[in-house]
Amino acid sequence: MNNTPTLTLQKRVLSFDVDQTLNVAKTPIPPEMAKVLTKCLDYFEICPISGQKFEQFLIQIVKPLKDAGATPEQLQHLHLFVAQGTQYYQYNSATAENADAPAADKEWHQVYNYPLSDADVAKITETLEQSARELGYWEADRLQEGDEIIENRLSQVTFSALGQTAPTEAKYAWDPDLKKREKIVAKCREKLPNFLYEIGGTTSINVAAPGMNKEFGMTHLLEELKVDKSQVLYFGDMTQPGGNDYPIVQMDIDTIAVRSHEDTLFALRGILASLGAGVI
């Protein structure tokens, strides 16, 4: 990283929600965002924290950054905090440079993982399906072939009302005011109260063990990167009470609430300009 004595806002870490903060939900970050984030890797540790599974991080973030020209040296400053930060992956440059490495995910070393038990996964899955069916929100007939509504992400279970691969327009239209998901969460809490329920993205509900939210992820980020919370700037679109970014706000981490990835892109360009990084 550049040895810049006075970074913008005295920050060392830029941390982000993913869907609707860095990209349109469930799609790769756009090329202009990839270019800007690649430049940010020269100045900051870049730490996305999302309910997405690891494979989605590779598709939505890592591949576009590589396509934008991110080098192995730059990728060492990218930290993937998967499933709300209950799993953490670091770039493994030695493996990445090995031509015999069998798969892309071998480039990434899992530092930690806090999975749910099989019994808890089963209870959560059953409760989500029952609650959605009772409310008339179980729409399996709208799934794309091979897709699923409930997904085990190891340390959390995620309900996505229309599946992972539904058209973006359909996802945005399904629950724009969060009312459907609020009803599902309320019914789930009646049936299975001792778990954490958070609304995220456009159609999703993340369910995890108590305390396994983005506060958990951010706390581990601070420990793993050996930084103070005053050195972190966070971007998220669900910063309201009940949103999956709200635990970050409650930690008194400096947070920029955005409505879309365009807002984030505008802010990042301003930060880079203040560092003399030029126009991107």
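Parameters at a glance
- Residues numbered from 1 in each chain as written.
- Predicted model: local features only at pLDDT ≥ 70, side-chain atom pairs only at ≥ 80, totals over all residues.
- Heavy atoms only, no water.
- Helix = DSSP H or I, 4+ residues; strand = E, 2+ residues; numbered from the N terminus.
- Contact = heavy atoms within 4.5 Å.
- Core = buried A, V, L, I, M, F, W, Y, C linked by side-chain atoms within 4.5 Å.
- Buried < 20%, exposed > 50% of the residue type's maximum accessible area, 1.4 Å probe, protein only.
- Phe/Tyr/Trp six-rings, centres within 6.5 Å; stacked < 30°, edge-to-face > 60°.
- Axes fitted to C-alpha atoms, helices over the stretch in contact; angles between N-to-C directions.
- Parallel < 35°, antiparallel > 145°, perpendicular 65-115°, else oblique.
- Left-handed = near helix turned anticlockwise from the far one by under 90°.
- Nonpolar A, V, L, I, M, F, W, Y, C, P; charged D, E, K, R; others polar.

**Describing the environment of Ile-150**
Part 1: If you trace the backbone, Ile-150 turns up in strand E6 (residues 150-152).
Part 2: In this structure, Ile-150 is in contact with Thr-125, Leu-128, Glu-129, Trp-138, Val-157, Thr-158 and Phe-159, ignoring residues within four places of it in sequence.

**Details of the nonpolar core**
When a protein is soluble and globular, its nonpolar side chains tend to lie buried together.
Part 1: Ranked by size, the top nonpolar core spans 38 residues in total, and within it Leu-14, Leu-37, Ile-46, Leu-78, Leu-80, Trp-108 and Leu-268 carry the most contacts.
Part 2: For this core, the secondary structure elements donating two or more residues are strand E1 (13-16), helix H1 (31-40), helix H2 (54-67), strand E3 (79-82), strand E4 (87-91), strand E10 (232-236) and helix H10 (261-274).
Part 3: The element that contributes the greatest number of residues to this core is H2, accounting for six residues.
Part 4: Filtering out sequence-adjacent residues up to four positions away, Ile-46 remains in contact with Leu-14, Phe-16, Leu-37, Cys-40, Leu-41, His-77, Leu-78 and His-79.
Part 5: With 26 residues, the next largest nonpolar core counts Trp-138, Phe-159, Leu-162 and Phe-195 among its residues.

**What to know about the packing of aromatic side chains**
Part 1: Inspection of every chain in the model, using the stated rule, returns nine aromatic pairs.
Part 2: Each residue in the set Phe-81, Tyr-88, Tyr-112, Tyr-114 and Phe-216 is aromatic and connected to the rest through ring pairs, giving one cluster.

**So, the environment of Gly-217**
Part 1: Turning to its location among the elements, Gly-217 is positioned in helix H8 (residues 214-225).
Part 2: We classify Gly-217 as buried; its relative accessible area is 0%.
Part 3: Sequence spacing of Gly-217 and Cys-188 is 29 residues, and the spatial spacing of their C-alpha atoms is 24 Å.
Part 4: With sequence-adjacent residues up to four places away left out, Gly-217 is seen in contact with Ile-49, Phe-81, Gln-84, Gly-85 and Tyr-112.

**A word on the packing of helix H5 (residues 118-135) against helix H7 (residues 179-191)**
Part 1: Where H5 contacts H7, the two axes come as close as 9 Å, and the packing angle between them is 125°. The orientation of H5 with respect to H7, classified from their angle, is oblique. Between H5 and H7 lies a crossing of right-handed hand. Residues Thr-127, Leu-128, Gln-130, Ser-131, Ala-132, Glu-134 and Leu-135 of H5 lie in contact with H7, whose contacting residues are Lys-183, Ile-184, Lys-187, Cys-188 and Lys-191.
Part 2: Classifying every residue of the contact of H5 with H7 gives five nonpolar, three polar and four charged.

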